[in-house]
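Below, each chain spelled out in residue letters.
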Amino acid sequence: MSTSDPFYASASTDQVAQEMLGMLLTYQSPKGLVGGWIVETEAYLGQLDSAAHAFKGRRTASNEPLYGPPGTVYIYSIHGRYLLDVAAQAKDVPQGVLIRAVEPFIGKEIMLKNRAKTGFDLTNGPGKLMEAFGISDKKMNFEIFGDNSKLDIHKHRKKIPQMIETSNRIGVSNQGDWAGKPLRYFVKGNPFVSGMKKRDMDLDHFGWR
DNA sequence: ACGCAGATCCACT
DNA sequence: GTGGATCTGCGTG
């Protein structure tokens, strides 16, 4: 995905978050290529969104990548983990999409070595997928997916969700109106979605069409 | 210095 | 399946 690609800027951030479901996320890691299908995302809508890092225009060294052009890598840390975001709007419009879970597709063996977990637990959470990928710092901040970065989101290599499900966002501390907005999107039935209950899993097709 | 955050793990119902 | 403990980096005082 290149800088000039209008994909991000042409759509609202919540639309982008939905369209990213089924796209392939890859990372050229030192140990080899790893990657997976994006199955869960969340949209964060900037200065008005009380759950967003840029709420009220907050702008610090660590959330600065959110203000970058569409496709900017935004990695931040919480609870000792690292999470992966994409800036989704034009430069200086601090809206982003959090990638919360992927279905492993490339380099599964590498991911299994990076993480002490197997099965769906390998990548069914935002911190888990980063650990599986072997990313444990913020060095790639400000890079552009697929342009000058080892991280890439393949727009055209896409799986099609049978159905996209929504919910409120996970772990947002703020109790404002925004905490309950349905800005989390996931592939219905995909077992790699965080917190997916066994009885809701579609083990035949993983929720893909 | 201090306190908490866009989470995870594990020991228990 | 779920609640509580614990993980560090960063923002605020």
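Each remark here, short or long, concerns the structure printed above.
Small disclaimer: the values here were computed from a predicted structure and weren't measured.

Calculation criteria
- Residues numbered from 1 in each chain as written.
- Chains lettered and ligands numbered in written order.
- Predicted model: local features only at pLDDT ≥ 70, side-chain atom pairs only at ≥ 80, totals over all residues.
- Heavy atoms only, no water.
- Phe/Tyr/Trp six-rings, centres within 6.5 Å; stacked < 30°, edge-to-face > 60°.
- Helix = DSSP H or I, 4+ residues; strand = E, 2+ residues; numbered from the N terminus.
- Buried < 20%, exposed > 50% of the residue type's maximum accessible area, 1.4 Å probe, protein only.
- Lys NZ or Arg CZ within 6 Å of the ring centre and 35° of its normal.
- Contact = heavy atoms within 4.5 Å.
- Near = heavy atom within 4 Å.
- Polar contact = N/O pair within 3.5 Å; in protein donor to acceptor, adjacent residues only side chain to side chain.
- Nonpolar A, V, L, I, M, F, W, Y, C, P; charged D, E, K, R; others polar.

> Describe in detail the packing of aromatic side chains, supporting the description with residues and values.
For the structure shown, the criterion picks out six aromatic pairs. With centroids separated by 4.8 Å and ring planes inclined at 45 degrees, the aromatic side chains of Trp37 and Phe105 adopt a geometry described as tilted. Linking Trp37 in strand β2 (residues 32–44) with Phe105 in strand β5 (residues 96–106), this pair joins segments that are 68 residues apart in sequence. Given the relative accessible area of 6%, Trp37 is considered buried. Considering the side-chain rings of Phe120 and Phe206, the 6.3 Å spacing of their centres and the 80 degrees angle between planes classify their relative orientation as edge-to-face. Taken together, the residues span a long stretch of sequence, with Phe120 in the loop between α2 (108–114) and α3 (126–133) and Phe206 in the segment after β8 (184–187) at a distance of 86 residues. Judged by relative accessible area, which is 29%, Phe120 ranks as partly exposed. The ring of Tyr44 has Arg169 lying over it, and the distance from NZ or CZ to the ring centre is 4.6 Å. The aromatic ring of Trp178 is capped on one face by Lys181, whose charged end is 4.8 Å from the ring centroid.

> Pulling in residues and values, what's your account of α3?
The element α3 is extensively covered by neighbouring structure, given that six of its eight residues are classed as buried. Considered for burial, the residues of α3 that qualify are Pro126, Gly127, Leu129, Met130, Ala132 and Phe133. Looking at the buried residues of α3, the elements they touch are β1 (23–29), β2, β3 (73–78), β4 (81–87), β5 and α2. Of the residues flanking the end of α3, it is Gly134, one or two places downstream, whose phi is positive at about 85 degrees.

> Run through the protein's contact with DNA strand B, naming residues and quoting values.
Taken together, 20 residues are adjacent to DNA strand B, and His53, Tyr76, Asp85, Leu98 and Gly127 come closest. Near the protein, within 4 Å, the atoms of DNA strand B are sugar or phosphate in 55% of cases. Measuring from a phosphate oxygen of DNA strand B, one finds a side-chain N or O atom of Arg100 at 3.5 Å. Contributing elements (two or more residues each) for the surface near DNA strand B: β3, β4, β5 and α3. The residue makeup of the surface near DNA strand B, split by class, is eight nonpolar, six polar and six charged.

On their own, these measurements won't tell you what the molecule is for.
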